[in-house]
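# Structural overview for review
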Amino acid sequence: MTDAFTYEALPMRVVFGAGSVARLPEEAERIGARRLLVLSTPEQRGLADRVAGLLGERAVGVFDRARMHVPVETVAAAEQVAAGLAVDGCVAAGGGSTIGLGKALALRRGLPVLALPTTYAGSEMTPIWGLTENARKRTGRAPVVLPRAVLYDPDLTVTLPAAVSLTSGLNAVAHAVEALYAPDGSPVVAAMAEQGVRDLATALPLIARDPGDRAGRTAALRGAWLCGACLGATTMGLHHKLCHVLGGMLDLPHAETHAVMLPHVAAYNLPAAPAAAAALRRSLGAGDAAAGLAALTARLGVPTSLRELGVAEGDLARVADEVLADPYANPRPVTRPDLVALLRAAWTGGTP
Ligand code: NAD
């Protein structure tokens, strides 16, 4: 690695703090939106109605059918509602699935999005969009999908169940880990990644003990913002590639898959990425970074094996083939035997 780098800041506005949802009307005014459509999943309809209430006349409708992986049919239905109501912007209130729907509307209709993230996935900080058609997810990068403002309100995350919060937080940690050894890293990204992991490693055990812990919720959301910004600024490696293939091929839950794979990929990659390992040792307060990540996941009581997620051992070879079929950035070369061994270790679980 050399000292050279390129860093391009994304035009992002962040409003952070407990109660910041109340600032939504000023943010709508700021972007000149007068006819907003509020997006949510069916489960978060209550939040969507509350948000619409806060916006008053500026909210002209609620579309509560956001779904995982942004199916094109869902986008088409939302586009029809948006056109019928002549909306001039959207508010995405929810996790990566709802924000993904907002991004799809921004991509296809040019509608500006205000985001209210309620998980730690980090999609709101990235120009990456995804659309699923005929069981295949296409993804791309387009600056137009970046939210015009992101309101991070820790109060909105208190209802996220503890188990989901912990895996979602580890999903965020994975963004930072891979950003630390990304080919397009920089000192700015490294600083965000180190602090993001520190925040989440401190916060997640507090949330495990008490999902209503305000200090824990605040630190976790701040960490998720930083880790999401790392995801948006860099190219992810083996870990994200593996999780993408596992999720797509075997229909595994997104955040749990990240939680299971992270210590194993870290143990494989970090020996080839000493600066990343040093940053993680500092942020985790651990003598060994991969062992520190394994200890964190064990302490949180989240799933630690692919077997627990319902993967059959016989599927591992297929996963390895698909991962190897497409090149991706990684600090350590990946051979088929290495990859199969890594997958088998993750399938069995235990210390990597
Ligand atoms: P999600 O948005 O699918 O939410 C999971 C469930 O939790 C939903 O039912 C949701 O309504 C509920 N929920 C969310 N927040 C809640 C809260 N505070 N209280 C109660 N319930 C709540 O999950 P996710 O992990 O945030 O997002 C995963 C999706 O996001 C995946 O499709 C992934 O590919 C995508 N993603 C995209 C990017 C990107 O940059 N484009 C980044 C990260 C994730």
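Residues numbered from 1 in each chain as written. Predicted model: local features only at pLDDT ≥ 70, side-chain atom pairs only at ≥ 80, totals over all residues. Heavy atoms only, no water.

If you check UniProt for "domain: Alcohol dehydrogenase iron-type/glycerol dehydrogenase GldA" (unreviewed entry), the listed places come out as residues 11-154 in our numbering. In this annotation, residues 11-154 is assigned 32% helix and 27% strand; the end-to-end C-alpha distance for the span is 23 Å. (UniProt positions renumbered as here; feature names shortened; annotations may be inferred. Helix = DSSP H or I, 4+ residues; strand = E, 2+ residues; numbered from the N terminus.)

Quick look at the UniProt feature "domain: Fe-containing alcohol dehydrogenase-like C-terminal" (unreviewed entry) in the chain now. Within the UniProt annotation, "domain: Fe-containing alcohol dehydrogenase-like C-terminal" (unreviewed entry) is assigned to residues 167-347. With 72% helix and 0% strand, residues 167-347 has end C-alpha atoms that lie 17 Å from one another.

Counting 78 residues, the largest nonpolar core has Leu242, Met261, Leu306 and Leu343 as its most contacted members. Ignoring sequence-local partners within four residues, the contact set of Leu242 consists of Met261, Val265, Val319, Val323, Leu339, Leu342 and Leu343. Grouped together as the second largest cluster of nonpolar side chains are 21 residues, Leu36, Ala48, Ala149 and Leu151 included. (Core = buried A, V, L, I, M, F, W, Y, C linked by side-chain atoms within 4.5 Å. Buried < 20%, exposed > 50% of the residue type's maximum accessible area, 1.4 Å probe, protein only. Contact = heavy atoms within 4.5 Å.)

Let's shift gears to helix H4 (residues 96-109). Here H4 spans 19 Å end to end across 14 residues, near enough to the 20 Å set by a 1.5 Å rise per residue. For H4, the tally of buried residues reaches 10 of 14 residues, placing the bulk of the element in the interior. Listed in full, the buried residues belonging to H4 are Ser97, Thr98, Ile99, Gly100, Leu101, Gly102, Lys103, Ala104, Leu105 and Ala106. Close packing links the buried residues of H4 with strand E2 (36-39), strand E3 (59-63), helix H3 (72-84), strand E4 (89-94), strand E5 (113-117) and strand E6 (128-133). Looking one or two residues past H4, Gly110 carries a phi angle of roughly 70 degrees, positive in sign. (Expected span 1.5 Å × (residues − 1).)

Further remarks concern the packing of helix H9 (residues 254-269) against helix H11 (residues 289-300). In contact at an axis separation of 8 Å, H9 and H11 are set at 165 degrees when each is read in the N-to-C sense. Judged by the angle between their axes, H9 and H11 are roughly antiparallel. In the packing of H9 onto H11, the handedness of the crossing is left-handed. Contacts from Ala259, Leu262, Pro263, Ala266 and Ala267 of H9 reach H11 at Ala290, Leu293, Ala294 and Thr297. Taken together, the residues of the contact of H9 with H11 sort by class into 8 nonpolar, 1 polar and no charged. (Axes fitted to C-alpha atoms, helices over the stretch in contact; angles between N-to-C directions. Parallel < 35°, antiparallel > 145°, perpendicular 65-115°, else oblique. Left-handed = near helix turned anticlockwise from the far one by under 90°. Nonpolar A, V, L, I, M, F, W, Y, C, P; charged D, E, K, R; others polar.)

Taken together, 22 residues form the shell around the ligand, and within it Thr41, Ser97, Thr118, Thr119 and Thr126 come nearest. In this structure, a nitrogen atom belonging to the ligand sits 3.5 Å away from a side-chain N or O atom of Lys103. In the environment of the ligand, an oxygen atom lies 2.6 Å from a nitrogen or oxygen atom belonging to the side chain of Thr119. Notes on the ligand: free accessible area 870 Å², of which the protein chains cover 82%. The residue inventory of the shell around the ligand, partitioned by class, reads 6 nonpolar, 13 polar and 3 charged. (Near = heavy atom within 4 Å. Polar contact = N/O pair within 3.5 Å; in protein donor to acceptor, adjacent residues only side chain to side chain. Areas by Shrake-Rupley, 256 points an atom, 1.4 Å probe, with all protein chains shown as cover.)

With that settled, consider the pattern of salt bridges. As enumerated under the stated definition, the model contains 15 salt bridges in all. One salt bridge connects Asp315 with Arg318, and the closest N-O pair in it is separated by 3.2 Å. Of the residues examined, Arg318 reaches a relative accessible area of 44% and is grouped as partly exposed. One salt-bridge network, held together by shared partners, links Arg45, Asp49 and Asp64. (Salt bridge = Lys/Arg side-chain N within 4 Å of Asp/Glu carboxyl O.)

What follows covers a nonpolar patch on the surface. Among the surface-exposed residues, Phe5, Tyr7 and Val188 lie close enough to one another that they form a single nonpolar patch of about 270 Å² accessible area. Within the secondary structure, Phe5 sits in the segment before strand E1 (14-16). (Patch = residues over 30% accessible without salt bridge, like charges linked within 9 Å, V, L, I, M, F, W, Y side chains within 5 Å.)

What follows is about the packing of helix H5 (residues 162-180) against helix H7 (residues 214-233). Running from N to C, H5 and H7 cross one another at 40 degrees; their axes reach a closest spacing of 8 Å. Looking at the two axes, H5 sits oblique to H7. At the point where H5 passes H7, the crossing takes the left-handed sense. Along the contact surface, H5 presents Ser165, Ala172, Val173, His175, Ala176 and Ala179, while H7 presents Arg217, Ala224, Cys227, Gly228, Cys230 and Leu231. Partitioning the contact of H5 with H7 into residue classes produces 8 nonpolar, 3 polar and 1 charged.

On to the environment of Ala203. For Ala203, the location among the structural elements is in helix H6 (residues 187-209). With 11 residues separating them along the chain, Ala203 and Arg214 place their C-alpha atoms 9.7 Å apart. With near-sequence residues (within four places) excluded, Ala203 lies in contact with Gly216, Ala219 and Ala220.

Before going further, it helps to spend a moment on the sheet that holds E3. Read across the sheet, 6 strands follow the order E1-E8-E5-E4-E2-E3 without closing on themselves; strand pairing throughout is parallel. Looking at which strands have only one partner, the edges of the open sheet turn out to be E1 and E3. Looking at each pair of strands side by side, their axes are set apart by 15 degrees on average, direction ignored. Here E4 runs beside E5; their pairing, made up of 5 bridges, is parallel. (Pairing = 2+ DSSP bridges.)

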